[in-house]
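Below are the chains, spelled out letter by letter.
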Amino acid sequence: MDSHPESPLAPPPEAPREPILTLPAALTAYILLLAVIHLRVLLPPELENWTIDVFGFIPKRYDSSLLNLQIPGGAGAKVWTFVTYSLLHANLTHLGFNVLWLLPFGSALARRFGAVRFFVFLAVTAAAGALAHLITHEHAVAPMIGASASVSGAMAAAIRFAFVRGSFLSFSRGDAEAAAKVPALSLWRALRNGRVLAFLAIWFGVNILFGATSLSLGGEGASVAWQAHIGGFFAGLLLFALFDPVPRVRGDAADASSVDQSGRV
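All values reported here derive from a predicted model rather than from experimental measurement.

A. The side chain of R160, seen in detail. Along the polypeptide, R160 turns up in the loop between α6 (148–158) and α7 (176–180). As a buried residue without a salt bridge, R160 has its nearest oppositely charged side chain in D244, at a separation of 6.9 Å. Apart from residues lying up to four places away in sequence, R160 is in contact with A184, L185, S186, L187, A190, L237, F240 and R248.

B. Just the pattern of salt bridges, in detail. Summed over the entire model, instances satisfying the criterion amount to four salt bridges. Taking the shortest distance from any N to any O, the salt bridge between R40 and E48 comes out at 3.5 Å. Salt-bridge contacts for D244 lead to R112; the nearest nitrogen and oxygen are separated by 2.7 Å. Placement of the pair is D244 in the loop between α10 (226–243) and α11 (251–257) and R112 in helix α4 (residues 92–113), with a sequence separation of 132 residues. Accessibility classification places D244 together with R112 in one group, the buried group.

C. Broad picture of helix α2 (residues 45–55). Within α2, the full set of buried residues consists of E48, T51, I52 and V54. Where α2 is buried, its residues contact α3 (77–84).

D. View of a nonpolar patch on the surface. Where nonpolar side chains cluster on the molecular surface, the patch consists of V36, L39, V41 and L42 and spans about 390 Å² of accessible area. Following the sequence through the fold, V36 ends up in helix α1 (residues 25–38).

E. The side chain of S148, seen in detail. Counting through the fold element by element, S148 comes out in helix α6. Residue classification places S148 among the buried positions, given a relative accessible area of 11%.

F. Focus on the packing of aromatic side chains. By the definition in use, this model includes 20 aromatic pairs. Their ring planes at 25 degrees and their centres at 4.0 Å tell us that W203 and F233 sit as a pair that is stacked. A residue pair is termed long-range when its members are at least 10 positions apart, and W203 in helix α9 (residues 194–213) and F233 in helix α10 qualify at 30 residues. The exposure class of F233 is buried, given its relative accessible area of 0%. Linked through ring pairs, F97, W101, F105, F113, F121, F161, F168, F199, F240 and F243 together constitute an aromatic cluster. In this arrangement the basic side chain of R112 is found over the ring face of F161, its NZ or CZ atom lying 4.2 Å from the centre.

How each quantity is defined
The numbering scheme is per chain: residues are counted from 1 as the chain's sequence reads. Reporting of local features is limited, given that this is a predicted model, to residues whose pLDDT is at least 70; pairs of side-chain atoms are given and counted only at 80 or more, and all residues count toward the totals for whole chains, interfaces and linings. Excluded from the side-chain calculation are hydrogens and water; included are all heavy atoms of the structure. By definition, any uninterrupted DSSP run of H or I lasting at least four residues is a helix, any uninterrupted run of E lasting at least two residues is a strand, and each is numbered from the N terminus. Relative accessibility decides the category of a residue: with a 1.4 Å probe and only protein chains considered, values under 20% of the type maximum give buried, values over 50% give exposed, and everything between is partly exposed. A residue counts as positive if it is Lys or Arg and as negative if it is Asp or Glu; His and the chain ends are not included. For this analysis, a salt bridge means a side-chain nitrogen from Lys or Arg found within 4 Å of a carboxyl oxygen belonging to Asp or Glu. Contact definition: two residues touch when any of their heavy atoms are within 4.5 Å. Patches here are clusters of residues that have more than 30% relative accessible area and form no salt bridge, with a 9 Å joining cutoff for like charges and a 5 Å cutoff for nonpolar side chains (Val, Leu, Ile, Met, Phe, Trp, Tyr). For the area figures, the Shrake-Rupley method with a 1.4 Å probe applies, and any residue is considered shielded solely by the protein chains shown. For this analysis, a ring pair means two rings from Phe, Tyr or Trp (six-membered ring only for Trp) whose centres lie within 6.5 Å, classed as stacked if their planes differ by under 30 degrees, edge-to-face if by over 60, and tilted for the remaining angles. Throughout this description, the term charge over a ring refers to an Arg CZ or Lys NZ atom that lies within 6 Å of the ring centre and within 35 degrees of the ring normal.

Spelled out as structure tokens, the structure:
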């Protein structure tokens, strides 16, 4: 019998490497935009203050009784500041806090909505937050800045599907893409879900605490615009269905899917 030398064993194929950052492109682009815009703090103080006056949301700008009041930005700023204020932040603490909350909730929402819907949604919830701030601070001169209303809107929208079986806050979640595409609960069913109600209680409790105690996030003399948070939150909760591209399931199927494999609701 002829003998054949044993061929060396082929090395096992390398497992695909998981990327360190798995953020969706839309959210990554949004965070980078916030970071680049925050570089305005490197500008001379006069120019930085001008930037906040032109792009921050100032309720006094809409006071018709002050015809002689000159606020930089003119008539155009009455329109664009409903959104542009959300791209400015007071300091790194303010920016970092908003980004931190965006990572879980914004990631799921960006994957579910896609880039265009995601960016429009952030703009709409920012405008809703500005409107709530305007109603409650009609004569305020201090500019409001920060993405907190949009972050609140993203959190509110995400809880419509976050606790459904297989989603990102469930006990039996799938991969990131699948977790973001589970059918959402209707608003009525979401408001009857115990985990959603617990989330709402904690969220509103924290915001009321900030408002009642005038706590701030590191800004010098700056307070939390909690009314804007609530405005953005309600907009995200109520308008979610207008943006959601994932088909809704029948009521009985939705009830079944809302229970995790562990048996907990």
